[in-house]
Amino acid sequence: MKTLEYVFVALIVILVGLLILDSGVLEPRMVLRIASDPENRAVEPLIQDWAEENDTDIEITYRSSTAITRELAKGAGTDFDAVWPSSSLWIALGDPQKVVQHETSVSRSPVVLGLRTSIAKELGWIGRTDVNVQDIHTAAKEGKFRLSVASATQSDSGALAYFGFLHALSNTSEALTMETLADPAVRDEMRDLLAQVDRSAGDDDWLAQALVDNSAAFDAMINTEALLIDANHKLIAEGREPLYAIYPADGLALADSPIGYISKGDGDKETKFLELRAFLSTPEVQDVLSGQGRRVVSAGSDTPDPTIWNPDWGIDLARSLTPVQTPSSEIIAEALRLYQTDLRKPSLTVWLLDVSGSTDGTPIQEIKDAVGALLDPDAAAARLLQPSPRDVTILIPYNHNILDPIVIAGDQTAESEQARRLIDTLQADGGMDVFYALYEGFEAFRPQAEDGTLADFLPAIIAVIDGPSDTETRTPLLAHMDQTPYTRDIPIHTIAMGDADPDQLAQLTRLSAGRLFTGSTDLAEVLWAARGYN
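Residues numbered from 1 in each chain as written. Predicted model: local features only at pLDDT ≥ 70, side-chain atom pairs only at ≥ 80, totals over all residues. Heavy atoms only, no water.

A.B. asks: Honestly, the overall build of the protein chain in this entry has me stumped. Any pointers?
C.D. replies: On a plain count of helices and strands, the protein chain comes out with 22 helices and 17 strands. Computed over the C-alpha atoms, the radius of gyration of the protein chain is 26 Å, within 12% of the 24 Å expected from 2.2 N^0.38 for a compact globule of 534 residues. Each of the three principal axes of the protein chain carries a C-alpha extent, and together these read 100 × 60 × 50 Å. Within the protein chain, buried positions represent 52% of all 534 residues. A separation threshold of at least 6 residues defines the contact pool for the protein chain, and within that pool the share at least 24 residues apart is 76%. As presented, the protein chain carries roughly 23100 Å² of accessible surface, and 51% of it is formed by carbon and sulfur atoms. (Helix = DSSP H or I, 4+ residues; strand = E, 2+ residues; numbered from the N terminus. Rg over C-alpha atoms; globule rule 2.2 N^0.38 Å. Buried < 20%, exposed > 50% of the residue type's maximum accessible area, 1.4 Å probe, protein only. Contact = heavy atoms within 4.5 Å. Areas by Shrake-Rupley, 256 points an atom, 1.4 Å probe, with all protein chains shown as cover.)

A.B. asks: Looking at this structure, I do not really get the sheet that holds strand S12 (residues 347-354). What am I missing?
C.D. replies: Consider a sheet: its strands pair through backbone hydrogen bonds, and that pairing is either parallel or antiparallel. Spatially, S14-S13-S12-S15-S16-S17 is the arrangement adopted by the six strands of the open sheet, whose pairing is mixed. The open sheet is flanked by strand S14 (406-409) and strand S17 (516-518), the only strands paired with a single partner. On average, each strand axis in the sheet is tilted by 15° relative to the strand beside it, whichever way the strands run. Both strand S16 (residues 492-496) and S17 contribute to a ladder of three bridges, which runs parallel. By the bridge assignment for S17, Ala496 is matched with Thr518. Together, S12, strand S13 (392-398) and S14 form the strand contacts of helix H17 (residues 413-424), whose direction differs from that of S14 by roughly 160°. (Pairing = 2+ DSSP bridges. Axes fitted to C-alpha atoms, helices over the stretch in contact; angles between N-to-C directions.)

A.B. asks: Hey, could you run me through the packing of aromatic side chains in this one?
C.D. replies: Each aromatic ring pair is summarised here by two numbers: the centre-to-centre distance and the angle between the ring planes. Taken as a whole and assessed by the stated rule, the structure comprises seven aromatic pairs. Ring centres of Trp125 and Phe145 lie 6.4 Å apart, and the angle between their planes is 70°; this geometry places the pair in the edge-to-face category. Placement of the pair is Trp125 in the loop between helix H5 (117-122) and helix H6 (133-141) and Phe145 in the loop between H6 and strand S6 (147-149), with a sequence separation of 20 residues. Each member of the pair, Trp125 as well as Phe145, is classed as buried. Relative to Tyr533, the ring of Trp206 lies with its centre 5.1 Å away and its plane at 75°, an arrangement referred to as edge-to-face. Of this pair, Trp206 sits in helix H10 (residues 204-213) while Tyr533 sits in the segment after helix H22 (523-531), and the two are 327 residues apart along the sequence. (Phe/Tyr/Trp six-rings, centres within 6.5 Å; stacked < 30°, edge-to-face > 60°.)

A.B. asks: Honestly, the sheet that holds strand S3 (residues 82-84) in this entry has me stumped. Any pointers?
C.D. replies: Taken together, the five strands give an open sheet; going across it, the order is S2-S1-S3-S11-S4, and neighbouring strands pair in mixed fashion. For this open sheet the edge positions go to strand S2 (56-62) and strand S4 (100-105), each flanked by a neighbour on one side alone. Each neighbouring strand pair of the sheet contributes to a mean axis angle of 20°, computed without reference to strand direction. Strands strand S1 (30-36), S2, S3, S4 and strand S11 (258-262) of the sheet are contacted by helix H12 (residues 267-280), whose axis makes an angle of about 55° with S1.

A.B. asks: Help me understand a negative patch on the surface in this model?
C.D. replies: A contiguous patch of negative charge, built from Asp49, Glu53, Glu284 and Asp287, is present on the exposed surface. Only helix H2 (44-53) and helix H13 (283-291) provide two or more residues apiece to the negative patch. In this fold, Asp287 is placed in helix H13. Relative accessible area serves as the criterion here: at 37%, Asp287 is assigned to the partly exposed category. (Patch = residues over 30% accessible without salt bridge, like charges linked within 9 Å, V, L, I, M, F, W, Y side chains within 5 Å. Salt bridge = Lys/Arg side-chain N within 4 Å of Asp/Glu carboxyl O. Lys, Arg positive; Asp, Glu negative; His and termini not counted. Charge placed at Lys NZ, Arg CZ, Asp CG, Glu CD.)

Laid out in structure tokens, this is it:
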């Protein structure tokens, strides 16, 4: 009898299992993998809620827009199903194979000049709608303000501003052409405009935060309207003067936050992407984006929030946004190559490389490999970070002493190769004193400071540190920085490896408006990121 009961129960279990399988409940959930710019983090909780309700797994990997461009170069071979950079410029550059479909703007943010309100008043720019790129160029050249602009090859606002500048200087409303890029007059004007840049960066968000944190070093930035609004909230909270938004009358550029599907022949996945895209246009999502200061088309409220869209900050929602045309991928690539190798302000970079005893074994090999990659011309070109003939790179290995500096003038391939061979011979030994190394790093800039050419460069010290440093020379270094005016114009970017103490380095980066990087994962990528800051 019991045997029959067991058989009956087993049949019921099998029947239920067959019904479940037939219903599809146990089928694997569809997975959508999206490469997204970090600016979209705020809406991820809503996206994940939507995914759960729609039996979908959505995996969002946050990458810079330039990294998304490199991913798109793989075409349909990429592991991602969709991309969501900050601007369609990066899709146009990275997708010559045209694998991206259903590209749609999710929100928009114009690129503006954010200028301290008092300076905008002195210039008579409050309330004006006719301030153009040449006006900005002239005022910066006359020293009316210190201009900060992120790198055109490494950041969104920097790239968009650069193409806006090119349009304005070439006096065309049409898409840029190779003839325009080859025009000596346009190149000379652009080179002179970029020569007025006082600080650069490899990241828009960092640039905005650096302005908030370092009022002595920044008083103007070119960035997105959304990041200007965010910076103003922070400035007002600290009782400080907000920025005023200047929309260039010519050459207006727009971050349009496009999301696009990478076609691989999966119709069901394409349908699911289109459903997600439709969800992103709902007031629920658009309200979150609007709360970030990003312009949307379907917000739940028709009344703009005055704490965000504040006309006293020059924010003009009524302004017609007609951005410059996006060029072809070939034009974009050539324009960015020109920026990096010819038009931008040249870099004067001192790299301090820790070769103390704490780096023995794996760490020093990681440093050698990372620096070797940094000096490889093909790797640099792939990241749009190739040197220009006017750059100067100084490599200074250090422990408790300073080893012989290695100098690379401009884009000299032979000198770079020699530097790679010398770096490869380094041995880990001795104690470590990064403060003494920083003093010597500043001394490397003294010739340019004394002959008056330092302002012709974007200077920076980038220090790689593997462990806690001796501190006996810390106070003398800070005194030297206080007593030596030119050091105030040189940011210190630090790369913390291994047991390096971030708190020990934070004061240096704060004092100099530099950035603290962590090199605990992929040191080569971190060095590339730091390189993008000048």
